[in-house]
There are 2 protein chains.
Amino acid sequence: MTRSLDVCLTPALIPLYNVENYIVVVIDIFRATSSICYGIGNGAEAIIPVAEVEQCAAYRQKGLGYLLAAERNGEVVAGFDFGNSPFSYTAEKVAGKTIVLTTTNGTHALHLSRKAKKVVIGSFLNLTALCNWLKTQPENILLVCAGWQNNFNLEDTLFAGAVIEQLKTGAYTLDDPAIAANDLFHLGKNNISQYLGKTSHGERLRKLGIEKDIEFCLQVNLTTAIPVLHGERLVKLV
Amino acid sequence: MTRSLDVCLTPALIPLYNVENYIVVVIDIFRATSSICYGIGNGAEAIIPVAEVEQCAAYRQKGLGYLLAAERNGEVVAGFDFGNSPFSYTAEKVAGKTIVLTTTNGTHALHLSRKAKKVVIGSFLNLTALCNWLKTQPENILLVCAGWQNNFNLEDTLFAGAVIEQLKTGAYTLDDPAIAANDLFHLGKNNISQYLGKTSHGERLRKLGIEKDIEFCLQVNLTTAIPVLHGERLVKLV
């Protein structure tokens, strides 16, 4: 039986899909899902994605076990432990800890995807482990790009194309966004960093002085951990 | 001063743009905007786009001057004069006539774009005339892809990329969707028909037996007419 391998280019388009019929992979390369994969790979017990800074702050009252991560428009919100930089998610800092994370785009996509059969987290850091696991699943797959302010961005789409590249030998039907994502990946794959350098988002992140984060997030297969959503929490898929 | 040259990949994303700040080009290659360009080029007095079949039917009561064109999911609605096939928009059939047109995707995009500084219609059939005119305009430009059922499709995106190709020597800033559209155009430009052959939409249209329409819509520069929205009516830009 042919399965669907579809790409949802922005969270604004999620309502067009019956997410109930899919395993959803949420993608927010710069930098939420990269940091989540790295953090779970480094032994974080769980990462709790929340939509609003206020919801994150509320965990301060719930006990001492939480690290609070809040970022808006690429910067750490005052009073929080850290933001989205993957360098904050080292084993030293996160092992055994539960992190409450709020981000501009990634959390939004996660919340809109909750009704899927399963929601997992993708990034270049866990690319091949993710693809190998997806290949074993008999379900339709929807790659959800978190994008930028509900609109399309190139980095998330390119990563979706990288996943398709590993899966497309299987018996999947691709929708038009999936075909486009895979074609764009082919254009950029030999130097993803350079290819993304021309985008508005890369430009904006560079202005924020986080080039090191960008290079970090483009590393491939740094971990085999696949974060999966259980209730409110992202935990390691076992 | 740098102007923006942006691409809105689907009508669902129009709310992300302040269309008031743009000249909007509406694109629905298969087949609404191709037929509109051809019809206006062939001397149709006006084409009135409406959203619902019932609105179209209502013009039957208003007098004898109207040709009624209604299509849903690629087929002419029973009782109407014709649908979206460009072969219905010959000079013989449409010269001097006003056509009331309802389509699945194109009209939807048009209605959501009405508040723009100006709304014009693009297709391969009037590509170079359209681009030459756009070059003379000091405004930001938003290329709105009608897409398919509110989602991304390749043919409209590729055409947006073709417009960008002619304009990008000018002083425009491209957003990420514009960069992607132009890259996809480069991938497909040597054989657009073949490139689009792999898409879901092309497949679906082939099943409807309208391959001839598809080939027709991919012809370049068949007319210099640029349809422009005046109130409710699309007329020839002069």
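To be clear, the structure that these remarks concern was listed above.
Now for a quick tour of the structure. (Residues numbered from 1 in each chain as written. Chains lettered and ligands numbered in written order. Predicted model: local features only at pLDDT ≥ 70, side-chain atom pairs only at ≥ 80, totals over all residues. Heavy atoms only, no water.)

### Here's the deal with the overall build of chain A
The condition is simple: Helix and strand assignments follow DSSP, with helices taken as H or I runs no shorter than four residues and strands as E runs no shorter than two, numbered in order from the N terminus. Each residue is placed in one exposure class: buried if its accessible area under a 1.4 Å probe, protein chains only, is under 20% of its type's maximum, exposed if it is over 50%, and partly exposed if it falls in between. Contact between two residues is taken to exist if any of their heavy atoms lie within 4.5 Å; hydrogens are not considered. The Shrake-Rupley method, run with a 1.4 Å probe, gives the accessible areas here. Residue values count only the displayed protein chains as cover. Positive charges are assigned to Lys and Arg, negative charges to Asp and Glu, while His and the chain termini are left out of the count. Each charge is placed at NZ for Lys, CZ for Arg, CG for Asp and CD for Glu.
The secondary structure content of chain A amounts to 10 helices and 11 strands. Buried residues in chain A amount to 58% of all 238 residues. Within chain A, contacts between residues at least 6 apart in sequence are counted, and of these 77% link residues at least 24 apart. Carbon and sulfur atoms form 50% of the exposed surface of chain A, whose accessible area is close to 9200 Å². Chain A carries 21 positive and 22 negative side-chain charges, and their two centres are separated by 4 Å.

### A closer look at the relation of the copies chain B and chain A
Which entries qualify depends on this criterion: What sets the superposition is a least-squares fit of C-alpha atoms, and only residues with pLDDT of at least 70 in both copies go into it.
Superposition of chain B onto chain A requires a rotation of 180° combined with a translation of 0.0 Å along the rotation axis, giving an RMSD of 0.0 Å. What the rotation and shift describe, once combined, is the action of a two-fold rotation axis. The overlap is high: 100% of the interface residues of chain B also sit at the interface in chain A, so the same surface is used on both sides.

### A word on the packing of helix H5 (residues 127-135) of chain B against helix H6 (residues 154-167) of chain B
Any two packed helices are characterised by the angle at which their axes cross and by the distance between the axes. Residues and elements named next belong to chain B. Note the cut-off: A fitted line through C-alpha atoms serves as each axis, taken over the contacting stretch for helices, and the angle formed by two N-to-C directions is quoted from 0 to 180°. Each angle gets one of four labels, with under 35 degrees taken as roughly parallel, over 145 as roughly antiparallel, 65 to 115 as roughly perpendicular, and the rest as oblique. Handedness of a helix crossing follows the sense of rotation of the near helix relative to the far helix, less than a right angle counterclockwise being left-handed and clockwise being right-handed. Gly counts as polar in this scheme, as do all residues outside two lists: the nonpolar Ala, Val, Leu, Ile, Met, Phe, Trp, Tyr, Cys and Pro, and the charged Asp, Glu, Lys and Arg.
Viewed as axis vectors pointing N to C, H5 and H6 meet at an angle of 50°, and their least axial separation amounts to 10 Å. Considering the angle they form, H5 stands oblique to H6. Considering the relative orientation of H5 and H6, their crossing is right-handed. From H5, Leu127, Thr128, Leu130, Cys131, Leu134 and Lys135 reach across to H6, where they touch Phe159, Ala162, Val163, Gln166 and Leu167. Along the lines of polarity and charge, the residues of the contact of H5 with H6 split into eight nonpolar, two polar and one charged.

### With respect to the interface of chain B and chain A
Keep this limit in mind: As used here, buried area is the combined drop in accessible area, with a 1.4 Å probe, of two parts when they are placed together. We define a salt bridge as a contact between a side-chain nitrogen of Lys or Arg and a carboxyl oxygen of Asp or Glu at a distance within 4 Å. Residues adjacent in sequence count toward polar contacts only when both atoms are side-chain atoms; beyond that, a polar contact is any pair of N or O atoms within 3.5 Å, and within protein one must be able to donate a hydrogen and the other to accept it.
The interface is formed by 25 residues belonging to chain B together with 25 residues belonging to chain A. Contact with chain A buries area across many residues of chain B, yet B:Asn151, B:Phe152 and B:Asp176 alone supply 27% of it, more than any other trio. For the interface between chain B and chain A, the tally reads zero salt bridges. At the boundary of chain B with chain A, the tally comes to six residue pairs in polar contact (both at pLDDT 80 or more). Elements supplying a minimum of two residues to the side of chain B that touches chain A: H6, helix H7 (176-188) and helix H9 (200-207) of chain B.

### Thoughts on the pairing of strand E4 (residues 66-72) of chain A
All names here are of chain A. To keep things clear, this is the line we draw: The pairing criterion is simple: DSSP has to find at least two bridges between the two strands.
Most of E4 is tucked away, with five of its seven residues classed as buried. Bridge count for E4 against strand E6 (residues 98-102) is five bridges, and the pairing is parallel. Pairing of Leu68 across the sheet is with Val100, part of E6. For E4 and strand E5 (residues 75-76), the ladder comprises two bridges, and the chain directions are antiparallel. Within the sheet, the bridge partner assigned to Arg72 lies in E5 and is Glu75.

### Concerning the packing of helix H7 (residues 176-188) of chain A against H7(B)
Running from amino to carboxyl end, H7(A) crosses H7(B) at an angle of 80°, the nearest separation of the two axes being 10 Å. As far as their axial angle goes, H7(B) and H7(A) are roughly perpendicular. Across the interface between the two elements, A:Ala180, A:Asp183, A:Leu184 and A:Leu187 of H7(A) pack against B:Ala180, B:Asp183, B:Leu184 and B:Leu187 of H7(B). Class assignment of the residues belonging to the contact of H7(A) with H7(B) gives a composition of six nonpolar, no polar and two charged.

### Section: the pattern of salt bridges
All names here are of chain A. A full pass over the atoms with the stated rule returns 10 salt bridges over all chains. The closest approach of N and O atoms between Arg31 and Asp213, which form a salt bridge, is 2.6 Å. With Arg31 in the loop between strand E2 (22-27) and helix H1 (32-41) and Asp213 in helix H10 (residues 211-217), this residue pair connects regions lying 182 residues apart in the sequence. On the basis of relative accessible area, Arg31 is assigned to the buried category, the value being 3%.

### Brief notes about the packing of aromatic side chains
Where we set the bar: In this analysis, rings of Phe, Tyr and Trp, with Trp reduced to its six-membered ring, are considered paired at centre separations within 6.5 Å, and the interplanar angle assigns stacked below 30 degrees, edge-to-face beyond 60, and tilted for intermediate values. Counted as over-ring charges are cases with an Arg CZ or a Lys NZ within 6 Å of the ring centre that also lie within 35 degrees of the ring normal.
A complete count under the given rule lists 12 aromatic pairs over all chains for this structure. A network of ring pairs unites the aromatic residues A:Tyr38, A:Phe87 and A:Phe216 as a single cluster. Its guanidinium or amino end placed over the ring of A:Phe87, A:Lys212 lies 5.6 Å from that ring's centre, counting from NZ or CZ. Its end group placed over the ring of B:Tyr59, B:Lys62 keeps NZ or CZ at 4.2 Å from the ring centre.

### Section: the side chain of B:Ser123
Tracing the backbone through its elements, the reader meets B:Ser123 in the loop between strand E7 (118-122) and H5. With residues near it in sequence (within four places) discarded, B:Ser123 still touches B:Ile29, B:Thr33, B:Ser34, B:Cys37 and B:Phe159.

### Digging into H5(B)
Of the positions making up H5(B), those classed as buried are B:Leu127, B:Ala129, B:Leu130, B:Cys131, B:Trp133 and B:Leu134. Against the buried residues of H5(B) lie strand E2 (22-27), E7, strand E8 (140-145), H6 and strand E9 (172-174) of chain B.

### Quick look at the state of the cysteines
To keep it simple, the criterion reads: Disulfides are defined in this document as cysteine sulfur pairs within 2.5 Å.
Under the counting rule described, the total for this entry stands at zero disulfides over all chains. Not part of a disulfide, A:Cys217 finds its nearest cysteine sulfur in A:Cys37, a span of 9.9 Å. Owing to a relative accessible area of 0%, A:Cys217 belongs among the buried residues under this scheme. You can see B:Cys8 has no disulfide; the closest cysteine sulfur is in B:Cys145, sitting 7.5 Å from it. Taking relative accessible area as the criterion, B:Cys8 reaches 1% and is therefore assigned buried.

### Quick word on the pairing of E7(B)
Residues and elements named next belong to chain B. Counting buried positions along E7 yields four of five residues, so the element is predominantly enclosed. With five bridges joining them, E2 and E7 adopt parallel strand pairing. If you follow Val25 over to E7, its bridge partner there is Val120.

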